[in-house]
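A look at the structure
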Amino acid sequence: MIAFSEKLIEKLSGAQRVVFLTGSGISAESGIPTFRGNEGLWKNFRPEELANFKAFIKNPARVWEWYQFRRDIILSAKPNAGHLAIREFEKFFPSVTVVTQNVDNLHRLAGSSNILELHGNIMKNYCIRCSKRYDFQTFENSLSSPKCECGGLIRPDVVWFGENLNESVFAEAEDTVASADIVFVAGSSNIVYPAALLPQHAVNNGVYTVEINIERSELSGVLDEVLLGPSGTVIPELIKKIAGQK
Ligand code: BJW
Ligand code: ZN
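Residues numbered from 1 in each chain as written. Chains lettered and ligands numbered in written order. Predicted model: local features only at pLDDT ≥ 70, side-chain atom pairs only at ≥ 80, totals over all residues. Heavy atoms only, no water.

Quick notes on the packing of aromatic side chains
Under the defined criterion, the tally for this structure stands at 10 aromatic pairs. The structure contains a cluster of three or more aromatic residues connected by ring pairs, namely F53, F56, W66, Y67 and W160. The side chain of R70 reaches across the aromatic face of W66, ending 4.5 Å from its centre. Its guanidinium or amino end placed over the ring of W160, R155 lies 3.8 Å from that ring's centre, counting from NZ or CZ. (Phe/Tyr/Trp six-rings, centres within 6.5 Å; stacked < 30°, edge-to-face > 60°. Lys NZ or Arg CZ within 6 Å of the ring centre and 35° of its normal.)

Description of the side chain of D104
Considering the arrangement of structural elements, one finds D104 in the loop between strand 2 (95-100) and helix 6 (106-110). Although buried, D104 forms no salt bridge, and the nearest oppositely charged side chain, R70, lies 7.8 Å from it. At a separation of 2.6 Å, a polar atom in the side chain of D104 contacts the side chain of S27. In this structure the side chain of D104 is engaged in a polar contact, spanning 3.0 Å, whose partner is the backbone nitrogen of L106. Sequence-distant contacts of D104, defined by excluding residues within four places in its chain, comprise S27, I32 and I74. (Helix = DSSP H or I, 4+ residues; strand = E, 2+ residues; numbered from the N terminus. Buried < 20%, exposed > 50% of the residue type's maximum accessible area, 1.4 Å probe, protein only. Lys, Arg positive; Asp, Glu negative; His and termini not counted. Salt bridge = Lys/Arg side-chain N within 4 Å of Asp/Glu carboxyl O. Polar contact = N/O pair within 3.5 Å; in protein donor to acceptor, adjacent residues only side chain to side chain. Contact = heavy atoms within 4.5 Å.)

Quick word on the pattern of salt bridges
Considering all chains together, one arrives at seven salt bridges under this definition. Note that E149 is salt-bridged to K132, the shortest N-O span being 3.2 Å. Residue E149 is located in the loop between strand 5 (133-134) and strand 6 (154-158), and its partner K132 is located in the loop between strand 4 (120-127) and strand 5; the two are separated by 17 residues in the primary sequence. For K132, a relative accessible area of 34% puts it in the partly exposed group. For R133, the salt bridge identified is with D157, shortest N-O distance 2.1 Å.

Concerning the coordination of the zinc ion (ligand 2)
The expected angle between donors at a tetrahedral four-coordinate metal is 109.5 degrees. At an octahedral six-coordinate metal it is 90 or 180 degrees. Binding of the zinc ion (ligand 2) to the protein goes through C127 (SG), C130 (SG), C148 (SG) and C150 (SG), at separations of 2.2 to 2.3 Å. Mapped onto the polypeptide sequence, the residues donating to the zinc ion (ligand 2) form the spacing pattern C-x2-C-x17-C-x1-C. Taken together, the residues C127 in strand 4 and C150 in the loop between strand 5 and strand 6 connect sequence positions 23 residues apart. (Donors = N, O, S within 2.8 Å, 3.2 Å for Na, K, Ca; no water.)

Notes on helix 9 (residues 231-245)
The end-to-end C-alpha distance of helix 9, which contains 15 residues, comes to 21 Å, matching closely the 21 Å that a straight helix rising 1.5 Å per residue would cover. Taken together, the buried positions of helix 9 are occupied by S231, G232, V234, I235, E237, L238, I239 and I242. Those residues of helix 9 hidden inside the fold are in contact with helix 1 (6-13), strand 1 (17-22), helix 5 (81-88), strand 7 (182-186), strand 8 (208-213) and strand 9 (225-228). (Expected span 1.5 Å × (residues − 1).)

With respect to the site of ligand 1
Around ligand 1, the structure places 33 residues, and the nearest of them are R36, Y67, R70, S189 and N213. At 2.7 Å, a backbone N or O of G162 approaches an oxygen atom of ligand 1. Note that a nitrogen atom of ligand 1 is positioned 2.7 Å from one of the backbone N or O atoms of E163. Among the residues making up the shell around ligand 1, the classes are represented as 14 nonpolar, 13 polar and six charged. (Near = heavy atom within 4 Å. Nonpolar A, V, L, I, M, F, W, Y, C, P; charged D, E, K, R; others polar.)

Here's the deal with the pairing of strand 7
Within strand 7, five of the five residues are buried, which leaves the element mostly enclosed by the surrounding structure. Neither face of strand 7 is exposed, since I182, F184 and A186 on one face and V183 and V185 on the opposite face are all buried. Looking at chain direction, strand 1 and strand 7 are connected through five bridges and run parallel. Pairing of L21 across the sheet is with V185, part of strand 7. Where strand 7 lies against strand 8, five bridges are found, and the strand directions are parallel. Considered in strand 8, the bridge of A186 is made with I212. With respect to chirality, the unit in which strand 7 leads through helix 8 (residues 197-204) into the neighbouring parallel strand 8 is right-handed. (Pairing = 2+ DSSP bridges. Right-handed = clockwise from strand over helix to strand, strands pointing away.)

Structural notes on the packing of helix 1 against helix 9
Across the interface, helix 1 lies against helix 9 with an axial gap of 11 Å and an inter-helix angle of 60 degrees. Between helix 1 and helix 9, the angle is such that the two are oblique. Our pair here, helix 1 against helix 9, has a crossing hand that is right-handed. In this structure, helix 1 uses L8, I9 and L12 to contact helix 9, whose residues at the interface are L238, K241, I242 and Q245. Within the contact of helix 1 with helix 9, the residues separate by chemical class into five nonpolar, one polar and one charged. (Axes fitted to C-alpha atoms, helices over the stretch in contact; angles between N-to-C directions. Parallel < 35°, antiparallel > 145°, perpendicular 65-115°, else oblique. Left-handed = near helix turned anticlockwise from the far one by under 90°.)

Topic: the packing of helix 7 (residues 167-178) against helix 8
To characterise two packed helices, one gives the angle between the axes of the helices and the distance between these axes. For the pair helix 7 and helix 8, the least separation of the axes is 8 Å and the interaxial angle reads 35 degrees. In the crossing of helix 7 with helix 8, the sense of the turn from one axis to the other is right-handed. Touching F170, A173, E174, V177 and A178 of helix 7 are L198, H201 and A202, all from helix 8. Looking at the contact of helix 7 with helix 8 residue by residue, the classes come out as six nonpolar, one polar and one charged.

Distances and angles like these do not, on their own, reveal function.
What follows is the structure, encoded as structure tokens:
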């Protein structure tokens, strides 16, 4: 049993609006590797090497192959206890929003109602020439990088380094965070911007911030509390505690 602080329990008991900011660590217990650190399957190269437009244009097949490999892993993954416990928060609080950097759909599969995807969705694709959008099934079995009917290259609908996040999604995330009563920051190294501005935005707006991570992150020092442990253990324990109080 984790001993939660009195301050956290007090904040939760009066809270109406709860926000979860999540990163790849929340899906680690579903078998999806994180991007960085010793546990990351991608540790042989930096994500910057593949998750950028220049790398794609230089070698579309290599980048496409990486995404197909990851899609296979994601398609066989299921939401874990952490995703499911976040969904459970909706039973106890009137407003719960998940703002995720993940592209893996697992919050949706877990049943969360309000999800903002900051970095897109790996199951969608679009043409870099005519912008036509394609669902995942169209190129499901393409081992090499496919082309659109216009001849343009097809890319995953995700946000690469050097690309802007969807402006309205990010603006909504900022507003949601600023008006929250409590913000949990779970499973992110908090080194990738502008997503890493959101926990800071919460702090600047006087919102109570709690990190959930197996180790301290780049922003631990500016947040109100750090709960060290796997999200698949910590968040279900929090729900148990809340259920016992309400
Ligand atoms: C557990 C756990 C368990 C493990 N339980 N926890 C300002 C300052 C400096 C740089 C910049 C800046 N502004 C912009 C930049 C440049 C750049 C950037 O941030 N670079 C940094 C690396 C320094 N940002 C961008 O380029 C962004 N665009 C932008 O700013 O546009 C404006 C612009 C335009 C033109 C030119 C320049 C700027 C876009 C960023 C897009 C990031 N895209 C990726 C790929 C998405 C698609 C895909 O999936 O392939 O997003 S990169 C990758 O990193 C992915 C992730 O969403 C993101 C964050 O990673 P995350 O989730 O935090 O994972 P990890 O692995 O880093 O951490 C895992 C954590 O989990 C760890 O802490 C573990 O301890 C923990 N953990 N198991 C709980 N069981
Ligand atoms: Zn096209």
